[in-house]
Structures are given as C-alpha cells and as structure tokens.
Amino acid sequence: FFFVFLTSNKMTAVQLHTPLGEDGAGLYSLSTRGCFDVINLNTDLMMETTDAVLAKIPGGGAVTFCDYGTADGGTSIPLFNKLVKKCKDQQADRDVWVFYEDQPGNEWKSVFYHALGQLKVPGSDQTYMQEHPRGVYVAAVGRSFHHQTLPDNSLHVGFAATCMHWLSALPGKLGPE
C-alpha cells in the first residue's frame, strides 16, 4: 500500500504500512507488549458494550465484531476469547462473526493462524475458534478503514486498538449507548 506525494513536479512514493517479519510468522504480536496492554485496559469497556449489544439483538441473531488495523491479529485474541465466550454463554447456538480489517498488503496468514490456534499468543492457551468450533466465523477485510469496510447495519462492535495514529478524526461515540 503506497501513498504518493507530489512535490515540485516530482512524485515520491512512500509505503504506509509494512508488516513485521515473514507472512505467517506472527512477529508483530510477539514484539508488541504495549498493544496487549492497551487492549487489556479496555476489555471491561468492550465487555460492557457487548452486553448492551446482546440485549438489543432479537431472537439470538448473529453478532458481528471487527478489529480495525489488526496487524497480525494476535494481540486481539485474548479479547475475542472473552467476547465470543460471552456471546456463546448467553446463547450457545448464536452465530458470531469476527472480522479482521487492515490494508491489502497486511500479513494475513498470521491473522488466520492466530485465530485458528496454529500460532500461539502469549497468555492464551486456546483461541475462541478452538473453544467454539461451531457458529463462529472469521473473515478478513483487506481495505483501509478510511473507507467503509462492512455493509451498512452489519457491525455491532468494532474497535481499533493501537492504530489511532492513522485516524484523521474521532470516528464517533465510543462505548455502549
């Protein structure tokens, strides 16, 4: 993914996002304790938000989550373990979607390896996909979050952990309504 600067009749291409390490190695999550800390500090807010969402979904309909700016997906595994468990504990046959969003050149192999438990995440013995093999779906969105990434009225809970430096403005109200 590149951004092109036009300066004095000269074009300069600058790569905006470079994944860390080889695709499938999961090095970002192994190298960034701070991201785990940011997510951990906001887990209570995410749990409260999920409670509010579950109270508003009639008849046990599907719940959709999205991790914006996911990188290799590993840092959000402990959070999604808790959120998916909350959904399934409330209603075992409830479907849960987990979308991972990042730029097209992202390290996508590690995202799926982490979600499926093929790459271990510090502090997580199992992932939500291993714990709940039925009714939990994982998908990737290879598009910048500066554009709409999911259909209207399809997302229940979205979060962006440590990619806030890419934002140009506050996306809207934060937390449960």
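Bear in mind that the values here come from a model prediction, so they are computed numbers and not experimental data. In every chain, residue numbers begin from 1 and rise along the written sequence. Owing to the predicted nature of the model, reporting of local features is limited to residues with pLDDT of at least 70; listing and counting of side-chain atom pairs is limited to 80 or more, with chain, interface and lining totals taken over all residues. Excluding hydrogens and water, the side-chain figures rest on all heavy atoms present in the structure.

Our focus in this paragraph is the overall build of the protein chain. Numbering of helices and strands runs from the N terminus; a helix is a DSSP stretch of H or I covering at least four residues, while a strand is a stretch of E covering at least two. Scanning the protein chain from N- to C-terminus turns up six helices and six strands. What you see in the protein chain, going N to C, is helices and strands ordered as β-β-α-α-α-β-α-β-α-α-β-β. Evaluated residue by residue, the protein chain yields a buried proportion of 41% over its 177 residues. Of the roughly 10,000 Å² of accessible surface on the protein chain, 55% is carried by carbon and sulfur atoms. The buried label applies to any residue whose accessible area, calculated with a 1.4 Å probe on protein chains only, is under 20% of its type's maximum; exposed applies above 50%, and partly exposed to all values in between. Only the protein chains shown count as cover for residues, and all accessible areas are computed by the Shrake-Rupley method using a 1.4 Å probe.

Moving on to the environment of Leu-116. In this structure, Leu-116 sits in helix H5 (residues 108-116). Sequence spacing of Leu-116 and Met-129 is 13 residues, and the spatial spacing of their C-alpha atoms is 5.7 Å. Here Leu-116 is in contact with Thr-127, Met-129 and Gln-130, once residues within four sequence places are set aside. By the convention used here, residues are in contact when the closest approach between their heavy atoms is within 4.5 Å.

Salt-bridge detection follows one rule: a side-chain nitrogen of Lys or Arg within 4 Å of a carboxyl oxygen of Asp or Glu. Inspection of every chain in the model, using the stated rule, returns two salt bridges. Ionic pairing is found between Lys-86 and Asp-51, a salt bridge with its closest N-O pair at 2.9 Å. Taken together, the positions of Lys-86 in helix H4 (residues 77-90) and Asp-51 in helix H3 (residues 43-56) put the pair 35 residues apart, joining distant regions of the chain. Taking relative accessible area as the criterion, Lys-86 reaches 21% and is therefore assigned partly exposed. We note a salt bridge from Lys-85 to Asp-89, for which the minimum N-O separation is 2.6 Å. Taken together, the positions of Lys-85 and Asp-89, both in helix H4 and four residues apart, correspond to about one turn of that helix. On the basis of relative accessibility, which here comes to 52%, the residue Asp-89 falls in the exposed class.

Quick look at the sheet that holds strand S4 (residues 96-102) now. If you trace the four strands from one edge of the open sheet to the other, you get S5-S4-S3-S6, paired in parallel fashion. The open sheet is flanked by strand S5 (136-142) and strand S6 (157-159), the only strands paired with a single partner. Pairs of neighbouring strands in the sheet enclose a mean axial angle of 15 degrees, with direction left out of account. As paired elements, strand S3 (residues 63-68) and S4 share six bridges and run parallel to each other. Residue Val-63 lies in a different strand from S4, and its bridge partner there is Val-96. At least two bridges found by DSSP between two strands is the condition for calling them paired. Every axis corresponds to a line fitted to the C-alpha atoms, with the helix fit spanning only the stretch in contact, and the corresponding angles, defined between N-to-C directions, vary from 0 to 180 degrees.

A word on the environment of Lys-120. Looking at the element boundaries, Lys-120 is found in the loop between H5 and helix H6 (128-131). Separated by 43 residues in sequence, Lys-120 and Ile-77 have C-alpha atoms that sit 9.7 Å apart. Sequence-distant contacts of Lys-120, that is, excluding residues within four places in its chain, are made with His-114, Asp-125 and Gln-130.

Two elements in contact, H3 and H4, have axes whose closest approach is 10 Å; the angle formed by their N-to-C orientations is 25 degrees. Between H3 and H4, the interaxial angle falls into the category roughly parallel. As H3 packs across H4, the resulting crossing turns out to be right-handed. In this structure, H3 contributes Thr-43, Met-46, Met-47, Thr-50, Asp-51 and Leu-54 to the contact, and H4 contributes Leu-79, Lys-82, Leu-83, Lys-86, Cys-87 and Gln-90. Charged residues are taken to be Asp, Glu, Lys and Arg, nonpolar residues to be Ala, Val, Leu, Ile, Met, Phe, Trp, Tyr, Cys and Pro, and polar residues to be all remaining types, Gly included. Here the residues of the contact of H3 with H4 sort into six nonpolar, three polar and three charged. Note that the term roughly parallel is reserved for angles under 35 degrees, roughly antiparallel for angles over 145, roughly perpendicular for angles of 65 to 115, and oblique for everything else. We call a crossing left-handed when the near helix sits turned anticlockwise from the far one by less than a right angle, and right-handed when that turn is clockwise.

Per-residue confidence from the predictor is reported as pLDDT, a score between 0 and 100. Confidence in the prediction of the protein chain, expressed as mean pLDDT, is 81, and 73% of residues score 70 or more. Considering only residues more than four positions removed or in separate chains, one finds that residues 1-15, a stretch of pLDDT under 50, has 23 contacts.

In summary, soluble globular proteins display a tendency toward joint burial of nonpolar side chains. Phe-65, Phe-80, Val-96, Val-98, Tyr-100, Tyr-128 and Phe-159 are the most contacted members of the largest nonpolar core, which has 28 residues in total. Elements represented by at least two residues in this core include exactly helix H2 (33-41), H3, S3, H4, S4, H5, H6 and S6. For this core, the element with the highest residue contribution is H4, accounting for six residues. Look past the residues within four positions of Tyr-128 in its chain and what remains in contact with it is Ile-77, Phe-80, Asn-81, Val-84, Val-98, Tyr-100, Ala-115, Val-136 and Val-138. Throughout this description, the term nonpolar core refers to a set of buried Ala, Val, Leu, Ile, Met, Phe, Trp, Tyr and Cys residues connected via side-chain atoms within 4.5 Å. With seven residues, the next largest nonpolar core counts Cys-66, Tyr-68, Val-141 and Leu-150 among its residues.

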